[in-house]
Amino acid sequence: MPNNQSLMQRDLKVLWHPCTQMKDHETLPLIPIRRGEGVWLEDFDGNRYIDAVSSWWVNIFGHANPRINDRIKGQLDQLEHVILAGFSHEPIIELSERLVAITPDKLNHCFYADNGSSGIEVALKMSFHYWLNQGNKKKTKFVTLGNSYHGETLAALAVGNVELYKKIYEPLLMTTLTAPSPDCYAREEGETWEQYSLRAFEGMEEILRRNHEEICAVIVEPLVQCAGNMRMYHPVYLKKLREACDRYQVHMIADEIAVGFGRTGTLFACEQADITPDFLCLSKALTGGYLPLCAVLTHETIYQAFYDEYETMRGFLHSHSYTGNPLACAAALATLDIFEQDNVIENNQKLIRKMAAATAHFTDHPNIAEVRQTGMILAIEMVKNKKNKQPFAWQERRGLRVYQHALQNQALLRPLGNVVYFMPPYVISEEQIDHLANVAWDGINIATQD
Ligand SMILES: Cc1ncc(COP(=O)(O)O)c(C=O)c1O
């Protein structure tokens, strides 16, 4: 019978894991997972872990969800995959109809990629190409926010700004214009989220005012910069950005890959600002966390700018082999069914309140500078000095200590640097949230001792 140790040994001989310094595994055990059920993951030694990070923010309705499983199994016997150029299939037609119906007004065409980063590439290329098709050759630049993250492929990396992932590859990347992040952790004492986000917008306005003739689009992660340490901002920023993009004739790309499908408390984060972006990128939870798929939605004006005789070469000749995979679409349809049938957005309000209540006392901790929350994302900022928010040096890897403590206590918490966060599947119970809060509290106590 395989166990954790034997599988780890086989694994480390042949695998190279993502986002990992492999040498860490000389001391840090790798955990092979045998099965999942609901919020639980179970390893080969029988240890269980609450998946508090939804397996990189993808899983919303639990592992091995019977309703999603059934739909995929049904699809498997019909059609596993088919080329999407020249051909189509029922699951992708139904999915596109339903996405058009539930996303902000005017978004009425869906283009598909097979992961989030590729979807970002689609939106960037489409925006640039739209302007070119309009006869505008000057627009070649993109505006991004400080501390943003949009994926790991080179263009997605170029429009992101998390140094940890970007810096090394900088010589390979296109240059972008970077506006200050509206991240409200940086607000002054007494300043509200709204006031700070408005103040941060001035930097964006200035960039647009000076450079709009060269700018194709602004790309943002609405409300939460997830990979950028779960930093959050007020919806007013999105409202101002939409107005400015219209004023300056620049596209707005909303990357809801991490925050779409209920994460921020509404089905889509853009709803909280009552805006429609020109491009909306959706992935991760789109398939309930089962299979890779990305949808890039856009509106009629963009679509029509590409619609012409073949010889004009105005078409969008972009593709990925697994674009619109039917199994992934089946998982997405089952996910949308659950949203519809289970009143998920409303029911999540109780969990949102519970996450806040379970961590209400954390702000009294001498090494916690902030506990912030947007919907089903709650983040705890560990600091060395609470008064001036001086962070712990990254080399100290305090978050890793929380991670290790959590693993010994039935929880998968995977801090981002010094930020411990909960981003659990929506099938988590109130008792399980209490458990996570207790584990995080003890873990932070251990991690902040010198
Ligand atoms: C906001 C955002 N955009 C894009 C991506 C990239 O998606 P993928 O990992 O599927 O390439 C991520 C991944 O974490 C993300 O958080």
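Values in this document were obtained by computation on a predicted structure and should not be read as measured data.

Thresholds, definitions, all that
Residues numbered from 1 in each chain as written. Predicted model: local features only at pLDDT ≥ 70, side-chain atom pairs only at ≥ 80, totals over all residues. Near = placed C-beta within 6 Å. Helix = DSSP H or I, 4+ residues; strand = E, 2+ residues; numbered from the N terminus. Nonpolar A, V, L, I, M, F, W, Y, C, P; charged D, E, K, R; others polar. Pairing = 2+ DSSP bridges. Contact = placed C-beta atoms within 7 Å. Axes fitted to C-alpha atoms, helices over the stretch in contact; angles between N-to-C directions. Domains from an automatic or database assignment. Core = buried A, V, L, I, M, F, W, Y, C linked by C-beta atoms within 7 Å. Buried ≥ 20, exposed ≤ 12 C-beta atoms within 10 Å, placed from the backbone. Parallel < 35°, antiparallel > 145°, perpendicular 65-115°, else oblique. Left-handed = near helix turned anticlockwise from the far one by under 90°. Expected span 1.5 Å × (residues − 1). Arc of directions from axis to C-beta.

### Let's talk about the site of the ligand
Point 1. Contacts to the ligand come from 14 residues, most closely from Gly116, Ser117, Gly151, Ile257 and Ala258.
Point 2. Per-element tally for the shell around the ligand: the top contributor is helix H5 (residues 116–133), with three residues.
Point 3. A breakdown of the residues in the shell around the ligand according to their chemical character gives six nonpolar, six polar and two charged.

### Looking at the sheet that holds strand S3 (residues 48–51)
Point 1. Taken in spatial order, the four strands of this open sheet run S1-S2-S3-S15, and their pairing is mixed. Here the strands that pair on one side only, and so sit at the sheet edges, are strand S1 (33–37) and strand S15 (411–412).
Point 2. When S3 meets S15, the two strands line up parallel, connected through two bridges. Each bridged residue has a counterpart across the sheet, and for Ile50 the counterpart in S15 is Ala411.

### What to know about the environment of Glu194
Point 1. Tracing the sequence through the fold places Glu194 in helix H8 (residues 193–211).
Point 2. Setting aside anything within four residues of it in sequence, one finds Glu194 in contact with His234 and Val236.

### Brief notes about the sheet that holds strand S13 (residues 368–374)
Pairing between the strands of a sheet comes from backbone hydrogen bonds, and it takes one of two forms, parallel or antiparallel.
Point 1. Strand order in the open sheet made by the three strands is S13-S14-S16, with antiparallel pairing throughout. Lying at the two open borders of the sheet, with one neighbouring strand each, are S13 and strand S16 (419–422). Averaged over all pairs of adjacent strands, the angle between strand axes in this sheet comes to 15°, irrespective of strand direction.
Point 2. Two strands pair when backbone bridges link them, and S13 and strand S14 (residues 377–382) are joined in this way by six bridges, in the antiparallel orientation. Directly across from Ile368, in S14, lies its bridge partner Met382.

### A word on the domain arrangement of the protein chain
Point 1. Its domain assignment divides the protein chain into domain 1 (31–64 + 344–448) and domain 2 (69–342).
Point 2. On a C-alpha basis, the centroid separation for the pair domain 1 and domain 2 is 26 Å.
Point 3. Looking at the side of domain 1 that touches domain 2, the elements that each hand over two or more residues are helix H2 (54–57), helix H12 (344–358), S13, S14 and S16.
Point 4. The element that contributes the greatest number of residues to the side of domain 1 that touches domain 2 is H12, accounting for five residues.
Point 5. In terms of residue class, the side of domain 1 that touches domain 2 is made up of 15 nonpolar, eight polar and three charged.

### Thoughts on the nonpolar core
Point 1. Counting 125 residues, the largest nonpolar core has Val218, Cys281, Val296, Leu413 and Tyr421 as its most contacted members.
Point 2. Ranked by residues supplied to this core, first place goes to helix H11 (residues 326–342) with eight residues.
Point 3. Looking at which domains feed residues into this core, each of domain 1 (31–64 + 344–448) and domain 2 (69–342) gives three or more.
Point 4. Residue contacts for Val296: discarding those within four places in its chain leaves Phe111, Ala113, Gly119, Val122, Ala123, Phe279 and Cys281.

### Observations concerning the packing of H12 against helix H14 (residues 430–448)
Point 1. Between H12 and H14, whose axes approach to 9 Å, the crossing angle comes to 30°. What the angle tells us is that H12 and H14 run roughly parallel. H14 is crossed by H12, and the crossing has right-handed handedness. Residues Leu351, Lys354, Met355 and Ala358 of H12 form the contact with H14, whose own contacting residues are Glu430, Ile433, Asp434 and Ala437.
Point 2. Taken together, the residues of the contact of H12 with H14 sort by class into five nonpolar, no polar and three charged.

### What to know about helix H4 (residues 90–102)
Point 1. Taking 1.5 Å per residue as the helical rise, H4 with its 13 residues ought to reach 18 Å, and the 18 Å between its terminal C-alpha atoms agrees with that figure.
Point 2. Among all positions in H4, only Pro91, Ile92, Leu95, Ser96 and Leu99 are buried. The buried residues of H4 occupy one face: seen down the axis, they fall within an arc of 130°. Exposed side of H4, more than 90 degrees from the buried face: Glu97 and Ala101 are the residues found there.

### Points about the pairing of strand S11 (residues 279–282)
Point 1. Neither face of S11 is open: one carries Phe279 and Cys281, the other Leu280 and Leu282, and all of them are buried.
Point 2. Here strand S10 (residues 251–255) pairs with S11 via three bridges, running parallel. Note on S11: the bridge partner recorded for Ala254 is Leu280.
Point 3. In this sheet, strand S12 (residues 294–299) lies alongside S11 in antiparallel orientation, the contact comprising four bridges. Bridge assignment links Phe279 to a residue of S12, and that residue is Thr298.

### Structural notes on unusual backbone geometry
What is expected of a backbone is that most residues other than glycine have negative phi and most peptide bonds are trans.
Point 1. Its identity as a non-glycine residue notwithstanding, Trp56 has a phi of 65°, on the positive side.
Point 2. Note on Trp56: 16 C-beta atoms within 10 Å, which makes it partly exposed.
Point 3. The backbone of Phe261 shows a phi angle near 60°, a positive value even though the residue is not glycine.
Point 4. Positionally, Phe261 belongs in the loop between S10 and S11.
Point 5. Take Phe261: there are 29 C-beta atoms within 10 Å of it, and that puts it in the buried class.

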